[in-house]
Amino acid sequence: MKKIALINHGCAKNLVDSELMLGLLAEKGYEITLDENDADVIIINTCSFIHDAEKESVQSILQMVETGKKVIVTGCLPQKHKDELKKAIPEVCAMVGATDFKEIVPIVEQVLNQQNDEYIAKISEKPEYIYPENVNRQQITMGSSSYIKIADGCNYHCGYCIIPQLRGAYHSRTIENIVEEAKELVQKGVTEIDLIAQDTTSYGIDIYGKPSLAKLLEELNKIEGLGWIRIMYAYPSQMNDELINAIAKLDKVVKYIDIPLQHYSKKILEAMRRPAFDYKDLINKLRKKIPHVAIRTAFIVGYPGETEKDFNELYDFVKFARFDRMGVFEYSREKNTASYSMQNQVPKKIKHQRYKKLMELQQQISYEINQGYIGKTIPCIVESFTDDGVIIMRSEHDAPEIDGLVYAKSEKPVVPGDIENVLIENADEYDLFGKVI
């Protein structure tokens, strides 16, 4: 049987799409390989969120095309640049849009049977993401934790973002289907599930008529053998009391909220088409209602029109809020977004200076917060081991792949997926060090 390799770029949401494609192909008897040299067809699932991500995806396509293999490009890049991409890299055999990956089996069959250089494309003009239920995801990264996509698409139209044009309107999955998938993952040995969507807090509005993430959490919390449930990509205006109370009271829901705020200046938030209210109240409320909560956020610096005054407002807010985890991005000017043609684009040099200044502040805050863990015992999940026997773990305050790690020693045997108590003995800006007790 023919062998298929897949290279994934971009976010965790893309990773789930890649795993669904591999599941569809495995069901039809195709052999999946992680070695591109050994494959008959290489699928490259691409990201097009910002320019740097596009560049990385394009480099990957060029490298694979050079091998002379049959290359299929899927995801956001062909959705955004279909004609330009085909002209730039004519050697690509086929392209599949961001919401058309369910067609991957017939596309692969056509590519394997194609005569001469006929080109195949399946790219919906009006993308609409409907999750393909009953597909057994072929997981690329199977470990102690796994992502579950609870919805896709987006109904917001933030000024810097192209996602609604690439993925279409917001579509939730049913609670039953998500719970079923979570149970299957637990049976495979997964201890932690991470709920993802373009915006998890809008979950259920389209099918249940109201935000239903709290209800979903209650159902997931009942699953036997599941250790942790984590919410990613929350939207600030949807953090209602029902959801906050669910996070506080449900024992398996980790006390961690990932809530990208993007800015603090009211003027810039309005220009970004984001909720423009005082986030201080929200942060205070989360900390009051959810004891020991860790809050992760992300900000964009250098958005068109951002003055020194706007940036200083953001800087002072970060000082006040003392986020446990924080990412900062320099504004990336993307075609077909509202901000692309805005006046007062901020020079690259100033963007970078602001990025550095904010990250240096956060580094200091992060160091001080981590020092506060020393002497405390906290539950941590076992991820893997270093060659010299140190256990690589994560606390409930750290999401996979983006946050810090806990490095621990243990006198007793532990296995990936176990949740163990760790006495923290040392800490730096991002990681903790201790021993399993």
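Look above for the structure.
Here goes a summary of the coordinates provided. Here the structure is a predicted model, which means the values were calculated and not measured. (Residues numbered from 1 in each chain as written. Predicted model: local features only at pLDDT ≥ 70, side-chain atom pairs only at ≥ 80, totals over all residues. Heavy atoms only, no water.)

What follows concerns the overall build of the protein. When helices and strands are tallied, the protein shows 13 helices and 19 strands. Here the C-alpha atoms of the protein give a radius of gyration of 22 Å, agreeing with the 22 Å that 2.2 N^0.38 yields for 437 residues. Dimensions of the protein along its principal axes, counting C-alpha atoms only, are 65 × 60 × 45 Å. The buried share of the protein, reckoned over its 437 residues, is 56%. For the protein, contacts bridging at least 24 residues in sequence account for 74% of all contacts bridging at least 6. (Helix = DSSP H or I, 4+ residues; strand = E, 2+ residues; numbered from the N terminus. Rg over C-alpha atoms; globule rule 2.2 N^0.38 Å. Buried < 20%, exposed > 50% of the residue type's maximum accessible area, 1.4 Å probe, protein only. Contact = heavy atoms within 4.5 Å.)

Moving on, we get to the pairing of strand E16 (residues 391-395). Most of E16 is tucked away, with five of its five residues classed as buried. Side-chain alternation along E16 places Ile391, Met393 and Ser395 on one buried face and Ile392 and Arg394 on a second face that is also buried. Linking strand E15 (residues 377-385) to E16, which pair antiparallel, is a turn of five residues; within it Gly389 sits at a positive phi near 85 degrees. When E16 meets strand E17 (residues 406-409), the two strands line up antiparallel, connected through three bridges. For Met393, the partnering residue across the bridge sits in E17 and is Val406. (Pairing = 2+ DSSP bridges.)

In this structure, Tyr233 takes a positive phi of about 55 degrees despite not being glycine. Inspection of the secondary structure puts Tyr233 in the loop between strand E11 (228-231) and helix H9 (241-249). The exposure class of Tyr233 is partly exposed, given its relative accessible area of 23%. Not every positive phi belongs to a glycine, and Glu401 is a case in point at roughly 70 degrees. Summarising the element assignment, Glu401 is placed in the loop between E16 and E17.

This model, assessed by the stated rule, comprises 32 salt bridges. When the shortest N-O distance is used, the salt bridge between Asp17 and Lys149 registers 2.8 Å. Remark: Lys149 occurs in strand E7 (residues 145-149) and Asp17 occurs in helix H1 (residues 12-27); sequence separation between them is 132 residues. Across this residue pair, the class does not change: Asp17 and Lys149 are buried. (Salt bridge = Lys/Arg side-chain N within 4 Å of Asp/Glu carboxyl O.)

This paragraph deals with the packing of aromatic side chains. Given two aromatic rings, their pairing is described by the distance between the two centres and the angle made by the two planes. Following the criterion strictly, the structure yields 13 aromatic pairs and no others. Between Phe317 and Phe323, the aromatic rings sit 5.7 Å apart at their centres with planes inclined by 70 degrees, giving edge-to-face as the arrangement. An identical accessibility class is assigned to Phe317 and Phe323; each is buried. By the ring-pair criterion, three or more aromatic residues cluster together here, those being Tyr264, Phe299, Phe317, Phe320 and Phe323. A cation sits over an aromatic face here: Lys280 above Phe320, 5.0 Å from the ring centre. (Phe/Tyr/Trp six-rings, centres within 6.5 Å; stacked < 30°, edge-to-face > 60°. Lys NZ or Arg CZ within 6 Å of the ring centre and 35° of its normal.)

Next up on the list: the nonpolar core. Counting residues in each nonpolar core, the largest one holds 73 residues, and the members touching the most others are Ile193, Leu195, Leu217, Leu220, Met239 and Leu358. Residue contacts for Leu195: discarding those within four places in its chain leaves Ile148, Ile150, Thr200, Leu213, Leu216, Leu217, Leu220, Ile229, Arg230, Ile231 and Met232. Among the nonpolar cores identified, the runner-up in size contains 36 residues, and Leu20, Tyr30, Met232 and Ala399 belong to it. (Core = buried A, V, L, I, M, F, W, Y, C linked by side-chain atoms within 4.5 Å.)

Turning our attention to the sheet that holds strand E13 (residues 294-301). Within a sheet, adjacent strands bond to each other through the backbone by hydrogen bonds, running parallel or antiparallel. Spatially, six strands are ordered E7-E10-E11-E12-E13-E14 in an open sheet, and the strand pairing comes out parallel. Because the sheet does not close on itself, it has two edges, and the strands there are E7 and strand E14 (325-330). On average, each strand axis in the sheet is tilted by 20 degrees relative to the strand beside it, whichever way the strands run. As judged from the six bridges shared by E13 and E14, these two strands associate in the parallel manner. Note on E14: the bridge partner recorded for Ile300 is Phe329. (Axes fitted to C-alpha atoms, helices over the stretch in contact; angles between N-to-C directions.)

Let us look at the packing of H1 against helix H4 (residues 104-113). With their axes 9 Å apart at the nearest point, H1 and H4 run at an angle of 65 degrees to one another. In terms of axis orientation, H1 runs roughly perpendicular to H4. The chirality of how H1 crosses H4 is right-handed. Counted together, Met21, Leu24 and Leu25 of H1 and Ile104, Val105 and Val108 of H4 form the full contact between these two elements. (Parallel < 35°, antiparallel > 145°, perpendicular 65-115°, else oblique. Left-handed = near helix turned anticlockwise from the far one by under 90°.)

We now examine the side chain of Ser212. Positionally, Ser212 belongs in the loop between helix H7 (205-208) and helix H8 (213-221). For Ser212, a relative accessible area of 7% puts it in the buried group. When sequence neighbours within four positions are dropped, the list of residues in contact with Ser212 reads Tyr203 and Gly204.

This brings us to the sheet that holds E15. On the basis of which strands lie adjacent, the closed barrel formed by five strands has the order E15-E16-E17-E19-E18 and mixed pairing. Averaged over neighbouring strand pairs, the angle between their axes works out to 50 degrees when direction is ignored. One ladder, built from five bridges, connects E15 with strand E18 (residues 419-427); its direction is antiparallel. Paired with Ile381 across the strands is Ile419, a residue of E18.

Its 13 residues place the ends of helix H6 (residues 175-187) 18 Å apart at the C-alpha level, agreeing with the 18 Å of an ideal helix rising 1.5 Å per residue. Within H6, burial applies to Ile175, Ile178, Val179, Glu181, Ala182, Leu185 and Val186. Take H6 and look down its axis: the buried residues cluster within an arc of 160 degrees, on one side only. Seen from the buried face of H6, the exposed residues on the opposite side, beyond 90 degrees, are Glu176 and Gln187. Buried residues along H6 sit in contact with E7, strand E10 (192-196), H7 and H8. In the segment just after H6, Gly189 is the residue with positive phi, at about 110 degrees. (Expected span 1.5 Å × (residues − 1). Arc of directions from axis to C-beta.)

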